[in-house]
There are 2 protein chains.
Amino acid sequence: MIRAERHERILSELARRGTVSAQALSAELGASVATIRRDISDLAGRKALIRTHGGASLPSHREELPFDAKLMTNLAEKRRIGAEAGARIEDGTFIACGGGTTVMQMLPSIRRKSLRLVTTAINVALELRETQSVEVTLTGGTLRRRTAETVGHIAERTLRDINIDVAIIGVDGIDALRGLTTFDPNEAYVNRVMLERAHEVWILADHSKFGEVLPAVIAPAITAARVFTDTGTSDAAAAPLQDLGIEVIRV
Amino acid sequence: MIRAERHERILSELARRGTVSAQALSAELGASVATIRRDISDLAGRKALIRTHGGASLPSHREELPFDAKLMTNLAEKRRIGAEAGARIEDGTFIACGGGTTVMQMLPSIRRKSLRLVTTAINVALELRETQSVEVTLTGGTLRRRTAETVGHIAERTLRDINIDVAIIGVDGIDALRGLTTFDPNEAYVNRVMLERAHEVWILADHSKFGEVLPAVIAPAITAARVFTDTGTSDAAAAPLQDLGIEVIRV
DNA sequence: ATTATTTTGAGCGAATTTGAGCGCCTTTTG
DNA sequence: CAAAAGGCGCTCAAATTCGCTCAAAATAAT
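Residues numbered from 1 in each chain as written. Chains lettered and ligands numbered in written order. Predicted model: local features only at pLDDT ≥ 70, side-chain atom pairs only at ≥ 80, totals over all residues. Heavy atoms only, no water.

The name an unreviewed UniProt entry assigns to chain A is Glucitol operon repressor, from the organism Roseisalinus antarcticus.

Draft legend 1. Spotlight on the overall build of chain A. A tally of regular secondary structure across chain A gives 11 helices and 15 strands. Counting over 251 residues, chain A shows a buried share of 57%. For chain A, the computed accessible surface area is about 10,500 Å², with 47% contributed by carbon and sulfur atoms. Between the averaged position of the 32 positive side-chain charges in chain A and that of its 32 negative side-chain charges there is a distance of 5 Å. (Helix = DSSP H or I, 4+ residues; strand = E, 2+ residues; numbered from the N terminus. Buried < 20%, exposed > 50% of the residue type's maximum accessible area, 1.4 Å probe, protein only. Areas by Shrake-Rupley, 256 points an atom, 1.4 Å probe, with all protein chains shown as cover. Lys, Arg positive; Asp, Glu negative; His and termini not counted. Charge placed at Lys NZ, Arg CZ, Asp CG, Glu CD.)

Draft legend 2. Geometry of the protein's contact with DNA strand C. Lining the immediate surroundings of DNA strand C are A:Arg3, A:Arg6, A:Ser32, A:Thr35, A:Arg38, A:His53, B:Arg3, B:Arg6, B:Ser32, B:Thr35, B:Arg38 and B:His53. Each atom of DNA strand C within 4 Å of the protein was assigned to sugar, phosphate or base; sugar and phosphate come to 71%. Interatomic distance of 2.6 Å between a side-chain N/O atom of A:Arg3 and a phosphate oxygen of DNA strand C. Looking at the surface near DNA strand C, the elements with two or more residues in it are α1 (3–17) and α3 (33–45) of chain A together with α1 (3–17) and α3 (33–45) of chain B. (Near = heavy atom within 4 Å. Polar contact = N/O pair within 3.5 Å; in protein donor to acceptor, adjacent residues only side chain to side chain.)

Draft legend 3. Spotlight on the side chain of B:Thr158. Looking at the element boundaries, B:Thr158 is found in helix α8 (residues 153–160). With a relative accessible area of 2%, B:Thr158 lands in the buried category. From its side chain, B:Thr158 meets the backbone oxygen of B:Thr139 in a polar contact 2.8 Å long. Not counting the four nearest positions on each side in its chain, B:Thr158 is found in contact with A:Ile154, A:Arg157, B:Leu138 and B:Thr139. (Contact = heavy atoms within 4.5 Å.)

Draft legend 4. Layout of the pairing of strand β5 (residues 115–119) of chain B. Residue and element names in this part refer to chain B. Where burial is concerned, most of β5 is hidden: 4 out of the 5 residues are buried. Where strand β4 (residues 94–97) lies against β5, 4 bridges are found, and the strand directions are parallel. Within β5, the position partnered with Cys 97 by the bridge is Thr 119. Sheet topology places β5 next to strand β6 (residues 134–138); 5 bridges connect them, and they run parallel. Note on β6: the bridge partner recorded for Arg 116 is Glu 135. With helix α7 (residues 122–127) bridging β5 and the parallel β6, this β-α-β connection has right-handed handedness. (Pairing = 2+ DSSP bridges. Right-handed = clockwise from strand over helix to strand, strands pointing away.)

Draft legend 5. Representation of the interface of chain A and chain B. Contacts between the two partners involve 43 residues from chain A and, on the opposite side, 50 residues from chain B. Around 3,900 Å² of area is buried between chain A and chain B when both sides are counted, 54% of it from carbon and sulfur atoms. Scanning the region where chain A abuts chain B turns up 3 salt bridges. For B:Asp161, the salt bridge is made with A:Arg157, and the minimal N-O distance between the two is 2.7 Å. Across the contact surface, chain A and chain B share 18 residue pairs in polar contact (both at pLDDT 80 or more). (Buried area = accessible area lost by both parts, 1.4 Å probe. Salt bridge = Lys/Arg side-chain N within 4 Å of Asp/Glu carboxyl O.)

Draft legend 6. The sheet that holds strand β2 (residues 50–52) of chain B, seen in detail. All names here are of chain B. Strand order in this open sheet of 3 strands is β1-β3-β2, and the pairing throughout is antiparallel. In this open sheet, the two edge strands, each paired with only one partner strand, are β1 (19–21) and β2. Along the sheet, successive strands turn relative to each other by an average axial angle of 25°, direction set aside. Where β2 and strand β3 (residues 55–57) come together, 3 bridges link them in antiparallel fashion. The residue of β3 that forms the bridge with Ile 50 is Ser 57. (Axes fitted to C-alpha atoms, helices over the stretch in contact; angles between N-to-C directions.)

Draft legend 7. A look at the environment of B:Asp206. Residue and element names in this part refer to chain B. With respect to the helices and strands, the residue Asp 206 is situated in the loop between β12 (198–204) and β13 (216–219). Residue classification places Asp 206 among the buried residues on the basis of a relative accessible area of 0%. Remark: the alpha-carbon pair of Asp 206 and His 53, spanning 153 residues in sequence, is separated by 44 Å. In this structure the side chain of Asp 206 is engaged in a polar contact, spanning 2.5 Å, whose partner is the side chain of Ser 208.

Draft legend 8. Representation of the pattern of salt bridges. Residue and element names in this part refer to chain B. Summed over all chains, the structure comprises 32 salt bridges over all chains. Residues Glu 127 and Arg 111 are paired through a salt bridge, measuring 3.5 Å at the closest nitrogen-oxygen approach. Taken together, the residues span a long stretch of sequence, with Glu 127 in helix α7 and Arg 111 in the loop between α6 (107–110) and β5 at a distance of 16 residues. Residue classification places Arg 111 among the partly exposed residues on the basis of a relative accessible area of 31%. Among the ionic pairs, Arg 160 bridges to Glu 196, the shortest N-O distance being 3.5 Å. With Arg 160 in helix α8 and Glu 196 in helix α9 (residues 185–197), this pair connects stretches of sequence that are 36 residues apart.

Draft legend 9. Region of the structure containing the pairing of strand β9 (residues 164–170) of chain B. All names here are of chain B. Of all 7 residues making up β9, 5 are buried, and the element is well covered by its neighbours. Bridge count for β4 against β9 is 3 bridges, and the pairing is parallel. The residue of β9 that forms the bridge with Cys 97 is Ile 168. In terms of strand pairing, β9 meets β12 through 6 bridges, oriented parallel. Considered in β12, the bridge of Val 166 is made with Glu 200.

Structure representation (structure tokens):
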């Protein structure tokens, strides 16, 4: 295992558990305690975590950090989900997407494709800025601080003027009976418009999102859609969706 | 296996896993470690990945913004110009701005103000993301790679629906006879709309911009406007503008 | 078919990383 | 409060990886 991978897994564990011991990491990652301690020192130098006696803990002010805790949770799963969805996109497609953490993990795969993309998220725009083969359009609108996504009537109107081939959205809750949900009503509404305007809908959701029902409703029921998730999603969780005729892709 | 195919597989593995070791790739692709290392070097040269000891990791494309302060010419002047313009903005104003390097230097001084701002530039949005007191709206539109600004009919339409108090734009060329100019025609046009929609126009231009005439015309003639520049701008350069009744503020 | 060019794999010294050992220090526990 | 336990910083040797050269192999050109 190379250093970068250990660093990533340390941050991922940290995001999940809040604190980690060098001992435990050593056992989990199969590296000596000395190496783990060196890694922790490296990451502490980058302010990605706080070094503590015996291990490390999450930094206090998450906002200013290079590694967002939410981005690091279930990172490996999100990568696989994103890569799988990205690999299935065909050249020439017109894509719409938001800025969820799983959607972000899709971007490395679409960088080599030739397509057009409209997004509400400045993160996505930034990440694809250098990519020659992808034409990026921003919806515009009011900027939400928490997610760096744009919402409101401007975003909505932009989307209504575009014929989208595939809408790819990450959701915070997916439930066969209660539909797709998220935290912010404004974002939910923009996502809903995206779904309405799209010929095809792909949903990215890691296993932790299944059965979750959150306040803001994107879609009250799931109809035609492809759901991408990880192998951590049980058959029992996937079955209700498949009964609705929805394709569930587990990677 | 041909080289292009290996490159493709390496990038695809990287998208899936986030990091890869040369060892693992060698086994998976059936090529020697030496060849894999050469491939990684090639891809690193194209900035498609980051070479690390023992393998490679995904690149982060977010830190290569054109507004890197280190690369900026006349930085000190731009800071003074931006600070002066920012200081003159009153609370409650509705501002429009682009994303020029000088405009970026204005942002620190508007952090503490309470105002609304519409911008074409994702950098501005990103910079003000954490600022509670400033409500940020993005115009949306097609993303220009070089400047990270949005242009086109979407940006234009957003601006046409807003009554702007002050439009603050950085220009690449300012000349009393030939007007305001910049490099990109698309950006020039969006800036023109911004000027039309604004009750007041403030122009930020360091001394190097005076007398410059560039291909894309923002405004063929300068009418009512305030020009902010540095003390490096000579009286001779400022006089023609002042003769037109334009206020030139040198800081 | 033969020659020229490019690509690949292996070998080797240099550089980097890793893991273990050993006093010293911090935390815990009785 | 003192002793024990565990963690830290440090050094050093072993293990890996790197950069480089060179010959074999594959590919392209004549």
